[in-house]
Amino acid sequence: SDNFKEEIIKNAGENNCKVIIYYHNYNKTPSRRELKEIVNWCFDSNADIAKIACAVVNQRDSARILSLYDFDHLSSKKIISIGMGEVGKITLILATFLGAPFTYASTSFGAETAPGQIDTVTLSYIIKRLKSV
């Protein structure tokens, strides 16, 4: 309920905690317009960080997910926009390069909590290699 959400947000602020409001879609990646509306809803709901995670089945879905980092009016907002699934792995890697405050990884190989998730050792290695190029 809205009262419960407002109470959590109030308590988070009083305790110097950030609020992540998220949207997960395990079936598809919505249109760019819908994604933008979802991000706006997160921030209208007093999120400090908006997290969007959607099933990705092709490179166009990945591009749409990553396009959320390019909305001018959101440039001062913190967004984590990632794709789930094998094709979505690239979004986990590129998220921090495009402005996400962090990305998601499993604690170890085989301990994934979402389809296409990369383990921390592998993800750290990939990100370090890309930053050194």
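Check the entry above for the structure.
For every chain, the first residue of its written sequence is number 1, and the numbers climb from 1 along that sequence. Selection of residues for local features in this predicted model requires a pLDDT of at least 70, selection of side-chain atom pairs for listing and counting requires 80 or more, and totals for whole chains, interfaces and linings are taken over all residues. As a convention, hydrogens and water are excluded, and side-chain values are obtained from all of the structure's heavy atoms.

A. Quick peek at the overall build of the protein chain. Numbering goes from the N terminus for both helices and strands, where a helix is a DSSP run of H or I of at least four residues and a strand is a run of E of at least two. Counting secondary structure elements, the protein chain contains five helices and three strands. Ordered by position in the sequence, the α and β elements of the protein chain form the string α-β-α-β-α-β-α-α. For a compact globule the rule gives 2.2 Å times the number of residues to the power 0.38, and the radius of gyration it is set against comes from C-alpha atoms. By the compact-globule yardstick of 14 Å for 133 residues, the protein chain fits well, its C-alpha radius of gyration being 15 Å. In terms of principal-axis extent, the alpha carbons of the protein chain reach across some 45 × 30 × 30 Å. Per-residue accessibility, obtained with a 1.4 Å probe over protein chains only, is compared with the maximum for each type, and a residue is labelled buried under 20%, exposed over 50%, and partly exposed between these values. Taking all 133 residues of the protein chain together, the buried fraction comes to 40%.

B. How the structure looks around the pairing of strand β2 (residues 49-55). For β2, a buried count of seven out of seven residues is recorded, marking the element as mostly surrounded by other parts of the structure. Strand pairing is defined by DSSP finding a minimum of two bridges between the two strands. Pairing of strand β1 (residues 20-25) with β2 involves six bridges; the strand directions are parallel. Directly across from Y22, in β2, lies its bridge partner K51. Handedness of the crossover joining β1 and β2 through helix α2 (residues 32-44) is recorded here as right-handed. As paired elements, β2 and strand β3 (residues 78-84) share seven bridges and run parallel to each other. Note on β3: the bridge partner recorded for I52 is S81. Orienting the strands away from the viewer, one traces the path from the first strand over the helix to the second; a clockwise path indicates a right-handed crossover.

C. A look at the sheet that holds β2. Taken together, three strands build an open sheet; the order of strands is β1-β2-β3 and the sheet is parallel. The strands lining the two open edges of the sheet, one partner per strand, are β1 and β3. Within this sheet the neighbouring strands show an average axis-to-axis angle of 10°, counted without direction. Any two residues whose heavy atoms approach within 4.5 Å are treated as being in contact. Angles here are taken between N-to-C directions and fall from 0 to 180 degrees, while the axes themselves are lines fitted to C-alpha atoms, restricted in helices to the stretch in contact. Here α2 sits on the sheet and contacts β1, β2 and β3; the angle it forms with β2, its principal contact strand, is near 145°. Against the sheet, helix α3 (residues 59-66) engages β2 and β3, with an angle of about 170° to β3.

D. Layout of a nonpolar patch on the surface. Only residues above 30% relative accessible area that lack a salt bridge enter a patch, with like-charged residues linked at up to 9 Å and the nonpolar side chains Val, Leu, Ile, Met, Phe, Trp and Tyr linked at up to 5 Å. We get accessible surface area from the Shrake-Rupley algorithm with a probe of 1.4 Å; when it comes to residues, only the shown protein chains can shield them. Here a salt bridge means any side-chain nitrogen of Lys or Arg lying within 4 Å of a carboxyl oxygen belonging to Asp or Glu. Taken together, the side chains of I20, Y22 and F102 present a nonpolar region at the surface, about 280 Å² in accessible area. Mapped onto the secondary structure, F102 falls in the loop between α4 (89-94) and α5 (120-131). You can call F102 partly exposed: its relative accessible area is 31%.

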